[in-house]
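Descriptive analysis of the structure
Chain by chain, the residues:
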Amino acid sequence: MANSKTSYTSRRAFLKKGAASGLALAAPTFFVGKAHAQTETLRIGIIPAYSFGIYWLVQDQGFASGVDMDFSVFPSGPPAIEAMVGGSVDAITVGSVPPLAAMARKVADFREISVCGDASGLFTIVGKPGMSSLADLEGKRIAVTSGSNFDFFLGVALEQAGLADMPLTRINMEPIDAQAALIAGAVDATVPLATSRQLIFDKLPGASMLAEGAAMPIDKRPSIMDVFMTTQPVLDEREEALTEVVRAFHQDGVAMLREDNAEVVKRMIKWQEGIGRAGVTAEEVEPLLNGYFYFDTPEIKAVYADGILKKALTVQSEFLVANDRIETMPDLDALVSDQIVARL
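Described in the following lines is the structure provided in the data block. (Residues numbered from 1 in each chain as written. Predicted model: local features only at pLDDT ≥ 70, side-chain atom pairs only at ≥ 80, totals over all residues. Heavy atoms only, no water.)

1. Side note on the overall build of the chain
- Assigned secondary structure in the chain consists of 14 helices and 12 strands.
- Within the span of the chain, comprising 344 residues, buried residues form 57% of the whole.
- Taking as baseline every contact in the chain between residues at least 6 positions apart, the subset at least 24 positions apart corresponds to 80%.
- Roughly 13,900 Å² of accessible area belongs to the chain as shown, and the carbon and sulfur atoms make up 52% of that amount. (Helix = DSSP H or I, 4+ residues; strand = E, 2+ residues; numbered from the N terminus. Buried < 20%, exposed > 50% of the residue type's maximum accessible area, 1.4 Å probe, protein only. Contact = heavy atoms within 4.5 Å. Areas by Shrake-Rupley, 256 points an atom, 1.4 Å probe, with all protein chains shown as cover.)

This is the structure:
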C-alpha cells in the first residue's frame, strides 16, 4: 500500500549534513489511498498550498504508476529551493518568484517542468484593526517573505494603487511567522498564506483586507503561477518518474478535481490534518482549493507551447529587477523547460 510520508522541515536541519540528518521537527506518517507497486521513490518538497496538494492526491489515489512520492513540508519557496540545491529533495512545488531570484544568482540549473495552477486570485494583504486601505501602510511595518510570490503581489498591489514610492518597512518573515507577528501586534500588516489567513480574522477581530487578488480586474491581476521544479541533472536522471507524476497530476488529479470535487475536498482535509492543521473544515477548504485555475493535459501543453508561463515570468522578472530584488534578468529560456510536458 502506498505510504504518504510527510514531515515538517526546517531550513537549518535540512541543509545540515544533507538528507541523512535533514528530517527534523515532526514526521507524521499515515497510510492512504489505493495501492500501487513501488518501483521508484521521488523525494518531493511541498508547500502546504492546495494547488500543490494535488500531488499529494496523486500519491493518495495511486495515480502515478510505479512511483512513490515521499513528501517533506516547507513553509515557503526559499528554504525548499535550498534543500533541493543541497540534494535533500529531488523536486519541489514552489511559487514562481523564488526560482527567478535563485536563477538570476545562478545557484543551479533549475528547470520549471510543469505548472500546478494560477494562484493570483488567492493573494491578499491583511492589516491590523483600524486600517482601511493600502494608503494606511505609510510608515508602517509589513511582514512578507522577501523575494517570494507574496513580496511580488505586495509590490504589484502598491504600484497599481499609485503607492509604489510610499515609505514603509518590509520585515522578512516566513508566512506563518508573519501571521503570528500580526496577531501579536509586532507588525502592522502581512501577505498571508491563503490556507491559514482565516486564523488572523479569528484571533484579531477587526483585522482588515487591504487588497485582494480576486478583486483586481483580470487585465490588471498579476499572473502568479505555482510551479513544479527540479534541476537539470535530476531531470535527466529521473525523467521517467517525473514524467509519470506530472502526467498523473494533469490527467488524473485535475480530472478528479473537476469531476468529483467534493471527494477531493475531503482528501485535502485529510492532507491538511496530516501536516498539522487539525480542525480544517470543508467550508474553509472548498473556496481555496477551487480558487486556483488548474490545467489538464491539453491546457498544460498549451501553457508551454504558447509561451504563457515564460510571459508571466518575464513580467515578474522585470518587476524584480526594477525594484532591486534581483540584479539581472534570469535565463528564462533555460528555466522554462518542456522536457516533461512535451512527453505527455
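2. Details of the pattern of salt bridges
- For the structure shown, the criterion picks out 14 salt bridges.
- In this structure, Arg-258 and Glu-299 form a salt bridge, with 2.8 Å as the shortest nitrogen-oxygen distance. Placement of Arg-258 in helix 9 (residues 239-259) and of Glu-299 in helix 12 (residues 297-305) is noted, with a sequence separation of 41 residues between them.
- By relative accessible area, Arg-258 is classed as partly exposed at 44%.
- Residue classification places Glu-299 among the partly exposed positions, given a relative accessible area of 27%.
- One salt-bridge network, in which partners are shared between bridges, spans Glu-40, Arg-43, Asp-90 and Arg-238. (Salt bridge = Lys/Arg side-chain N within 4 Å of Asp/Glu carboxyl O.)

3. Side note on the nonpolar core
- Of all hydrophobic cores here, the largest spans 105 residues; its most connected members are Tyr-50, Ile-125, Phe-228 and Leu-289.
- Considering every element that reaches this core, the biggest residue donor is helix 9, with 9 residues.
- The contact partners of Leu-289, leaving out residues within four places of it in the chain, are Tyr-50, Ile-54, Leu-257, Asn-261, Val-264, Val-265, Met-268 and Tyr-294.
- By size, the runner-up hydrophobic cluster in this structure holds 9 residues, among which are Ala-181, Val-187, Ile-200 and Ala-207. (Core = buried A, V, L, I, M, F, W, Y, C linked by side-chain atoms within 4.5 Å.)

4. Section: the sheet that holds strand 9 (residues 169-172)
- Taken in spatial order, the 5 strands make up an open sheet running 9-8-10-7-11, and their pairing is mixed. Unpaired on one side and paired on the other, strand 9 and strand 11 (208-212) mark the two borders of the sheet.
- For strand 7 (residues 124-127) and strand 10 (residues 189-190), the ladder comprises 2 bridges, and the chain directions are antiparallel. Paired with Gly-127 across the bridge in strand 10 is Ala-189. (Pairing = 2+ DSSP bridges.)

5. Considerations on the environment of Gln-339
- Tracing the sequence through the fold places Gln-339 in the segment after helix 14 (332-335).
- For Gln-339, a relative accessible area of 22% translates into the label partly exposed.
- With near-sequence residues (within four places) excluded, Gln-339 lies in contact with Gln-232, Leu-235, Asp-236 and Glu-239.
- In this structure the side chain of Gln-339 is engaged in a polar contact, spanning 3.1 Å, whose partner is the side chain of Gln-232. (Polar contact = N/O pair within 3.5 Å; in protein donor to acceptor, adjacent residues only side chain to side chain.)

6. Focus on the environment of Asp-70
- Mapping Asp-70 onto the fold places it in strand 4 (residues 67-73).
- For Asp-70 and Ile-44, which are 26 residues apart along the polypeptide, the C-alpha to C-alpha distance reads 5.9 Å.

7. A few points about the layout of surface pockets
- Of the voids in this model, the second largest pocket is the one considered here, and its volume is about 240 Å³.
- Secondary-structure elements contributing two or more residues to the lining of the second largest pocket are helix 3 (77-85) and helix 4 (97-104).
- Considering every element that reaches the lining of the second largest pocket, the biggest residue donor is helix 3, with 4 residues.
- Per-class residue counts for the lining of the second largest pocket are 8 nonpolar, 2 polar and 3 charged. (1 Å grid on protein atoms, 1.4 Å probe; cavity = no way out; pocket = protein on both sides within 12 Å on 5 of 7 lines; lining within 4 Å. Points joined across faces, edges and corners; volume = space filled by probe spheres on them. Nonpolar A, V, L, I, M, F, W, Y, C, P; charged D, E, K, R; others polar.)

8. Considering the side chain of Asp-188
- Checked against the element boundaries, Asp-188 lands in the loop between helix 6 (175-184) and strand 10.
- Setting aside anything within four residues of it in sequence, one finds Asp-188 in contact with Val-126, Gly-127, Lys-128, Met-131, Lys-140, Arg-141 and Leu-182.

9. A word on helix 6
- Turning to helix 6, its buried residues are Pro-175, Ala-178, Gln-179, Ala-181 and Leu-182. In an axial view of helix 6, the angular spread of the buried residues amounts to 160°, which keeps them on one side of the axis.
- Looking one or two places after helix 6, you find Gly-185, whose phi comes out positive at around 85°. (Arc of directions from axis to C-beta.)

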